[in-house]
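# Survey of secondary and tertiary structure
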Amino acid sequence: MAATQTPSSSDDEIDLGELLGTLVDHKWLILIVTGVFFVVSVAYALLATPIYQANAIVQVEQKVPSLPGLSDLTQTLGASSSEATTEIALITSRTVIGGAADNLHLAISVTPHHFPLFGNFLARRYSPDKPGAVAPPKFGMNSYDWGGAALDIFQLDVPARLQGKTLTLVAGNSGAFSLRDDDGNVLLNGQVGQPASGHGVTIQVKALAANPGTCFDVVRQRDLAVITQLQQDINASEQGKDSGILALTYNNADPALATNLLDQVSEIYVKQNVDRNSAEAANSLKFVKEQLPNVRRDLEKATAALNAFQTQAHSVDITMQTKGLLDQTVAIETSIQQLRMQQADIERRFTPEHPAYKALMQQIGQLQAQKDAMEKQVGELPDTQQELLRLTRDVQVSNETYTNLLNQAQQLDIARAGTVGNVRIIDKAAVDTSHPVKPKKAIIVLGGTFLGGFLAVAFIFLRQMLNRGVEDPAAIEQLGLPVYASIPLSEQEIAISVKDVHHHGSNGRQHLLAVSAPADLATEALRSLRTSLHFARLEAKNNLLMISGSSPNAGKTFVSANLAAVIAQSGQRVLLIDADMRKGGQHKVMGGKPENGLSELITGQLELPAAIRPVQGVDSLHFIARGKVPPNPSELLMHANFTALLNKLMPIYDLIIVDTPPILAVTDAAVIGHHAGTSLLVVRFGLNQAREIALAKQRFQQNGVDIKGAIFNAVERRAAGYYSYGYYEYKAAK
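The shown structure was predicted, so the numbers you read here are calculated from the model rather than taken from an experiment.

### A word on the pairing of strand E14 (residues 544–549)
The buried fraction of E14 amounts to six of the six residues, a majority that puts the element mostly inside the structure. Taking every second residue as pointing to the same face, both faces of E14 are buried, with Leu544, Met546 and Ser548 on one and Leu545, Ile547 and Gly549 on the other. Judged from the four bridges that link them, E14 and strand E18 (residues 655–659) form a sheet pairing that is parallel. In the strand pairing of E18, Met546 is matched with Val658. By the bridge criterion, five bridges tie E14 to strand E19 (residues 678–684) in an arrangement that is parallel.

### Quick look at the packing of helix H5 (residues 94–104) against helix H7 (residues 223–233)
Across the interface, H5 lies against H7 with an axial gap of 9 Å and an inter-helix angle of 110°. The angle between H5 and H7 falls in the class roughly perpendicular. Crossing geometry of H5 relative to H7 is assigned as right-handed. Listed contacts from H7 to Arg94, Ile97, Gly98 and Ala101 of H5 are Leu224, Val226, Ile227, Leu230 and Gln231. Taken together, the residues of the contact of H5 with H7 sort by class into six nonpolar, two polar and one charged.

### Quick notes on unusual backbone geometry
Here the residue pair Lys438 and Pro439 is connected by a cis peptide bond, since its omega of -5° sits within 30 degrees of zero. You will see that Asn596, though not glycine, has its phi angle at about 60°, which is positive. Note on Asn596: relative accessible area 43%, which makes it partly exposed. Even without glycine at this site, Ala714 takes up a positive phi of about 60°. When you line up the elements, Ala714 lands in strand E20 (residues 709–715). Take Ala714: its relative accessible area is 4%, and that puts it in the buried class.

### Points about the packing of aromatic side chains
In total, this model carries seven aromatic pairs according to the counting rule given. Seen from their ring centres, Phe115 and Tyr144 are 5.6 Å apart, and the 80° between their planes marks the pair as edge-to-face. Pair noted here: Phe115 is in the loop between strand E2 (108–112) and helix H6 (119–125) and Tyr144 is in the loop between H6 and strand E3 (150–157), with a separation of 29 residues, a long-range link. According to the relative accessible area criterion, Tyr144 is partly exposed, its value standing at 21%. Within the aromatic cluster, the residues linked to one another by ring pairs are Phe115, Phe118, Phe139, Tyr144 and Trp146.

### Overview of the sheet that holds E3
In any sheet, the strands associate via hydrogen bonds between backbone groups, in a parallel or an antiparallel arrangement. Reading across from one edge, E3-E8-E7 is the order of the three strands in this open sheet, with antiparallel pairing throughout. The strands lining the two open edges of the sheet, one partner per strand, are E3 and strand E7 (196–198). Adjacent strand axes in the sheet meet at a mean angle of 30° when their direction is disregarded. Strand direction decides the pairing type here: E3 and strand E8 (residues 201–209), joined by seven bridges, are antiparallel. Looking at the pairing, Asp157 lines up with Thr202 of E8.

### So, the packing of helix H2 (residues 27–47) against helix H12 (residues 441–466)
In the contact formed by H2 and H12, the axes pass within 8 Å of each other and the chain directions differ by 155°. Classified by the angle between their axes, H2 and H12 sit roughly antiparallel to one another. You can see that H2 and H12 cross each other, and the crossing is right-handed. Each residue belonging to the contact of H2 with H12 can be placed in one class, and the counts come to 17 nonpolar, six polar and one charged.

### Some remarks on the side chain of Asn688
Mapped onto the elements of the fold, Asn688 is located in the loop between E19 and helix H24 (690–702). In this structure the side chain of Asn688 is engaged in a polar contact, spanning 3.3 Å, whose partner is the side chain of Ser550. Here Arg684 takes part through its backbone nitrogen, which lies 2.8 Å from a polar atom of the side chain of Asn688. Setting aside its immediate chain neighbours within four residues, Asn688 contacts Gly469, Val470, Ser550, Ser551, Ala554, Val682, Val683 and Ile693.

### Let's talk about a nonpolar patch on the surface
Together, Trp28, Leu31, Ile32, Val36 and Val40 give the surface a local cluster of nonpolar side chains, amounting to about 540 Å² of exposed area. Counting through the fold element by element, Leu31 comes out in helix H2. With relative accessibility at 52%, the residue Leu31 sits in the exposed group.

### Some points on the sheet that holds strand E4 (residues 166–171)
Strand order in this open sheet of five strands is E2-E9-E4-E5-E6, and the pairing throughout is antiparallel. Where the open sheet ends on each side, the last strands, each with one partner, are E2 and strand E6 (186–191). When the angles between neighbouring strand axes are averaged without regard to direction, this sheet yields 25°. In terms of strand pairing, strand E5 (residues 176–180) meets E6 through five bridges, oriented antiparallel. Following the sheet pairing, Leu179 is matched in E6 by Leu188.

### A look at the side chain of Arg626
Within the secondary structure, Arg626 sits in the loop between strand E17 (618–624) and helix H21 (633–637). Although buried, Arg626 forms no salt bridge, and the nearest oppositely charged side chain, Asp578, lies 5.1 Å from it. From its side chain, Arg626 meets the backbone oxygen of Gly584 in a polar contact 2.9 Å long. Once residues within four sequence positions are removed from consideration, Arg626 is found in contact with Asp578, Asp580, Met581, Lys583, Gly584, His587, Pro594, Gly597, Leu598 and Ser599.

### Looking at the nonpolar core
One finds Ile476, Ile577, Leu598, Leu649 and Ile656 to be the most contacted residues of the largest nonpolar core, which totals 46 residues. Discounting residues that sit within four places of it in the chain, Leu649 has contacts with Leu575, Ile577, Leu608, Ile612, Ile624 and Ile656. Core analysis: the next-biggest nonpolar cluster, separate from the first, contains 40 residues, Ala568, Val615, Leu621 and Leu655 among them.

### Some thoughts on the confidence of the model for the protein
Confidence in the prediction for the protein averages 82 pLDDT; 84% of positions are at 70 or higher. In this model residues 723–729 is a low-confidence stretch, pLDDT under 50, and it forms 19 contacts with partners more than four residues away in sequence or in other chains.

### With respect to H7
Every buried residue belonging to H7 is among Val226, Ile227 and Leu230, and all of these are buried. With its buried residues spanning 95° around the axis, H7 presents them on a single face. In H7, the exposed positions that point more than 90 degrees away from the buried face belong to Leu224 and Gln232.

The rules we used
Residues numbered from 1 in each chain as written. Predicted model: local features only at pLDDT ≥ 70, side-chain atom pairs only at ≥ 80, totals over all residues. Heavy atoms only, no water. Buried < 20%, exposed > 50% of the residue type's maximum accessible area, 1.4 Å probe, protein only. Helix = DSSP H or I, 4+ residues; strand = E, 2+ residues; numbered from the N terminus. Pairing = 2+ DSSP bridges. Axes fitted to C-alpha atoms, helices over the stretch in contact; angles between N-to-C directions. Parallel < 35°, antiparallel > 145°, perpendicular 65-115°, else oblique. Left-handed = near helix turned anticlockwise from the far one by under 90°. Contact = heavy atoms within 4.5 Å. Nonpolar A, V, L, I, M, F, W, Y, C, P; charged D, E, K, R; others polar. Phe/Tyr/Trp six-rings, centres within 6.5 Å; stacked < 30°, edge-to-face > 60°. Polar contact = N/O pair within 3.5 Å; in protein donor to acceptor, adjacent residues only side chain to side chain. Patch = residues over 30% accessible without salt bridge, like charges linked within 9 Å, V, L, I, M, F, W, Y side chains within 5 Å. Areas by Shrake-Rupley, 256 points an atom, 1.4 Å probe, with all protein chains shown as cover. Salt bridge = Lys/Arg side-chain N within 4 Å of Asp/Glu carboxyl O. Lys, Arg positive; Asp, Glu negative; His and termini not counted. Core = buried A, V, L, I, M, F, W, Y, C linked by side-chain atoms within 4.5 Å. pLDDT = per-residue confidence, 0-100. Arc of directions from axis to C-beta.

Dropping the structure here:
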């Protein structure tokens, strides 16, 4: 017995040649699957509903400050001139999107019924002879829209239980229609242009163009669900950093709807921007008007005080030095007064912790420090000049503040009454109907074809990985089993089996491959096995040859029958015994019925001459069928009658071949193996795994049976790997 070889570490390495060979072996499967995916991809690219993209552009201008000094404050805060981030949130808000959805009645979804697969394609390609024409029904199916059908619902109110549910509107004659629920129950009947109610549903159809019987799916969706979906579908982005240019895009199968929706969103957004700016201007105007009387009183008071001092001092004039200090002091004091008014306005909107409030107080503090420095210089002047400077300063500061407030009031009044905000529409919504954005036909076809090829290759490798059936005799020899012969898969044997067994069953005629196709490659391989067995049996204890397998479908029946035939054709007397008394099928190969066979011989119900059958076409070959299926096959094989039967037959024949059940299924083969001088194991190409073969060998060894070697059956052609050692290359000439 050959020693078991340890697989080398190279077995774990990836063999690129083997992988390529596997792909070549399954090239037709890959081509078919890839072709199917290619055809499906092309069909989808042609039949899929095209999606169009509408786009519009809106400009957000820098907002003009409502109070003097605010631009300086903005620069102090480091704020960007672009308000795009805020405006994007506003333009996709529920207020704007919801208003557009309400105006276009988007909560009411209408979809005509189309014939499956290609009905939508035919409806899109319909070209009406005149506006409003509808395609006639095809194949007598008037419930489908074949082109031109349209339904415009102005109002649809449903109870809460029907929101989001699909209702069916069926068109009738002369503008009549009926509305049904998802169970087919009629909710109401109505007429185009007239409101109709029933079962809590109210509907008003504005227009209906369809053949009588055409069905439409109508859904009254929840408003919030529609708005949320539109917020996800409408894309708003800034074109360039801090540019203030917002690009709006929206994709839809209906280009007119996509255009109308973006136009509605843009117009509502601009309107609410104008309203917002007008409201801010109104609030600021109110604040300014509240301050005007106070500033005017301060101006009048300061003017009166200055006049009284000049009268008392007999018209004292300001010196040149005092004039310079006056101008500087007035500028600083005017700025402080303006910032103080801003402080009063900001305190109404922000807390003291807000950055805008902190920045404003920082500016006031800086100006106050400059004012204190000026006060020190004023203190060095004569008393008369100090008093005159103070009074003149109060008059000028109050006058400038009052003038600025009057100008600001006029500006705010204009802004409040005006209709221009800081945003405007640059480009109204437009759609290029000649180039839909979806489906991208080239990408779909290429991607679908690649996906098909990838899935086919992945399936092949996955199947090979999960079903690691032996495909190389070297793997069997590594388990310590010499391979006596490799028998190629015979297409003629498959044809014979299908024709005879399936059509004639157990009563069919004999169909030995060795007799019907003596030049077949499998028959030649069996002759090679015959030669190998001749030398292997020289040291055997008897002329009994057992052929078994690890599991069903390995091909024991085929190998046993045809090996017996080729050995008998060499002139030896051969007896074939079907010892699989459970599911033996040798009678289907040799011809005849399974009855009157081995089970009857062992139980003594039949004499030996009556059980031995000649085989037509092979004079030296005889056959014993399995007999009737007994309740205890294993016990019969262990009976002394079976041993006596074998001892009686061995002197009569040169070779006795016993076909046994698989060892991993039942123990019959182990029982018979004790009598056999030579035992062989049939291994099927691509079916039996190495672990399974090793387990079968171990099972025989545990029962004291030595397996002489293996027969590699049904070997298939492979682009890489085992080629049946030339059998496929050497064929008989036709």
